[in-house]
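# Tertiary structure, described
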Amino acid sequence: MHGPCGIDNPGAPCMETGQCKKMFPKEFRTETTMNVSVYPLYRRCPSDTTFVREREMDNRFVVPYNPYLLLKYNAHINVEVCTFLRAVKYIYKYIYKGFDCANMVLTAG
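An unreviewed UniProt entry lists the protein chain under the name Helitron helicase-like domain-containing protein, with Araneus ventricosus as the source organism.

## Considerations on the side chain of Arg44
Note on placement: Arg44 falls in the loop between strand S4 (40-41) and strand S5 (50-52). Residue classification places Arg44 among the buried positions, given a relative accessible area of 8%. Polar contacts involving the side chain of Arg44 include one to the main-chain carbonyl oxygen of Asn59, which spans 2.5 Å. Contact partners of Arg44, with chain neighbours within four places excluded, come to Phe24, Lys26, Glu27, Phe28, Arg29, Asn59, Arg60, Phe61 and Val62.

## Overview of the pattern of salt bridges
Following the criterion strictly, the structure yields 1 salt bridge and no others. Across the pair Arg60 and Asp58 runs a salt bridge whose closest N-O atoms are separated by 3.0 Å. On the basis of relative accessibility, which here comes to 27%, the residue Arg60 falls in the partly exposed class.

## Considering the side chain of Asp58
One can find Asp58 in the loop between strand S6 (55-57) and helix H1 (67-73). A distance of 3.0 Å separates the side chain of Asp58 from the backbone nitrogen of Arg60, its partner in a polar contact. Setting aside residues no more than four positions away along its own chain, Asp58 makes contact with Phe28, Ser47, Asp48 and Thr49.

Reading the values: rules and limits
Residues numbered from 1 in each chain as written. Predicted model: local features only at pLDDT ≥ 70, side-chain atom pairs only at ≥ 80, totals over all residues. Heavy atoms only, no water. Helix = DSSP H or I, 4+ residues; strand = E, 2+ residues; numbered from the N terminus. Buried < 20%, exposed > 50% of the residue type's maximum accessible area, 1.4 Å probe, protein only. Polar contact = N/O pair within 3.5 Å; in protein donor to acceptor, adjacent residues only side chain to side chain. Contact = heavy atoms within 4.5 Å. Salt bridge = Lys/Arg side-chain N within 4 Å of Asp/Glu carboxyl O.

In structure tokens:
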């Protein structure tokens, strides 16, 4: 398991040219809004800090998750709100991509 990314851990797998590809740590915000790329920017209020693996952390590093799915599948599943038509098209394309196939009809002849 890897620790948090950023200046404290430049060797983290998500780091690319000194920046986290997943945009962590997130900014503090007073309300949840949608950004230009239609991803939610969740409300994150300054909170108390805690130490995780000897590093001081706050809620800017928290990844959205669903406790029910976490327990049911024993895995971390990133849960995000999606409210844009392009996202539905992406999900459809992702589900139905795969090997080439052909439809055949057999008749008695």
